[in-house]
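# Geometric and topological summary
Here are the chains, one letter per residue:
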Amino acid sequence: DAGVIQSPRHEVTEMGQEVTLRCKPISGHDYLFWYRQTMMRGLELLIYFNNNVPIDDSGMPEDRFSAKMPNASFSTLKIQPSEPRDSAVYFCASKTGSNQPQHFGDGTRLSIL
Amino acid sequence: AQSVTQLDSQVPVFEEAPVELRCNYSSSVSVYLFWYVQYPNQGLQLLLKYLSGSTLVKGINGFEAEFNKSQTSFHLRKPSVHISDTAEYFCAVSDDGNKLVFGAGTILRVKS
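Reading the values: rules and limits
Residues numbered from 1 in each chain as written. Chains lettered and ligands numbered in written order. Predicted model: local features only at pLDDT ≥ 70, side-chain atom pairs only at ≥ 80, totals over all residues. Heavy atoms only, no water. Helix = DSSP H or I, 4+ residues; strand = E, 2+ residues; numbered from the N terminus. Rg over C-alpha atoms; globule rule 2.2 N^0.38 Å. Contact = heavy atoms within 4.5 Å. Areas by Shrake-Rupley, 256 points an atom, 1.4 Å probe, with all protein chains shown as cover. Buried < 20%, exposed > 50% of the residue type's maximum accessible area, 1.4 Å probe, protein only. Polar contact = N/O pair within 3.5 Å; in protein donor to acceptor, adjacent residues only side chain to side chain. Buried area = accessible area lost by both parts, 1.4 Å probe. Salt bridge = Lys/Arg side-chain N within 4 Å of Asp/Glu carboxyl O. Nonpolar A, V, L, I, M, F, W, Y, C, P; charged D, E, K, R; others polar.

## What about the overall build of chain A?
Of the regular secondary structure elements, chain A holds zero helices and 11 strands. For chain A, the sequential pattern of α-helices and β-strands runs β-β-β-β-β-β-β-β-β-β-β. Relative to the globule expectation of 13 Å for 113 residues, the C-alpha radius of gyration of chain A, 13 Å, shows essentially globular dimensions. Seen along its three principal axes, the alpha-carbon backbone of chain A occupies a region of about 40 × 25 × 25 Å. Nonlocal contacts in chain A, meaning residues at least 24 apart in sequence, comprise 53% of its contacts between residues at least 6 apart. When the accessible surface of chain A is totalled, it reaches about 5600 Å², and 48% of it is carbon and sulfur.

## Remarks on the side chain of glutamine 38 of chain B
By the secondary structure assignment, glutamine 38 of chain B is in strand E5 (residues 32-38). Look at glutamine 38 of chain B and you get buried, because its relative accessible area is 10%. A distance of 3.1 Å separates polar atoms of two side chains, one belonging to glutamine 38 of chain B and the other to glutamine 37 of chain A. For glutamine 38 of chain B, the side chain forms a polar contact with the main-chain oxygen of glutamine 42 of chain B, separated by 3.0 Å.

## Details of the interface of chain B and chain A
Counting residues at the interface gives 18 residues for chain B and 21 residues for chain A. Approximately 1600 Å² of surface area, both sides summed, lies buried where chain B meets chain A, with 52% of it carried by carbon and sulfur atoms. On the chain B side of the interface with chain A, the three residues burying the most area are Leu44, Asn98 and Lys99 of chain B, jointly 32% of the side's total. Counting the contacts that link chain B with chain A gives one salt bridge. With a closest N to O distance of 2.7 Å, aspartate 56 of chain A and lysine 99 of chain B form a salt bridge. There are eight residue pairs in polar contact (both at pLDDT 80 or more) connecting chain B and chain A. Within the side of chain B that touches chain A, the residues separate by chemical class into nine nonpolar, six polar and three charged.

Right, dumping it as structure tokens:
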């Protein structure tokens, strides 16, 4: 079975540019999560969806960040405008049902110059 | 809010020796507990989970963990480690079954 697929794997861009990260969850999974991993703050939950509806976005750092899930097989995390402090590894994870473990993608390593 | 403490940032150990990685969480009525492993440049892979029932949980790659409610701990153990176990290990806790709070991680370095 295909796992969670994230693209791109690496992104390098200049500050001020718009960045779009993409995620395809495991088929049949109805929960989708976006995390950010940095050395300073570790793994932080940004937002999660259930059945394509955002449930908790309290971890989204600023209005520059937005996430959408237009259908069950696709989600985006957008940063506009990007800043150097947004540099991190962004992970997408999905799961089926409450209390079940999350399955992680390989992440997108984002560098903002 | 829930919090997770992984007491050791790095644990060096010789190959074939036993290892214990410690995890404590803040108290809650009920929690769901997980251990994940992260190899370089990869995502997190589930090692094991505690949802309910037996407090001793067995996972993949010979790892096990014990849920101790009175001590609010969920320590990870392996009786004999291999070089391939070198990775970063994360303990995670959930109060509601959905939102995960992660510890800071413990880097396990297995030496030959």
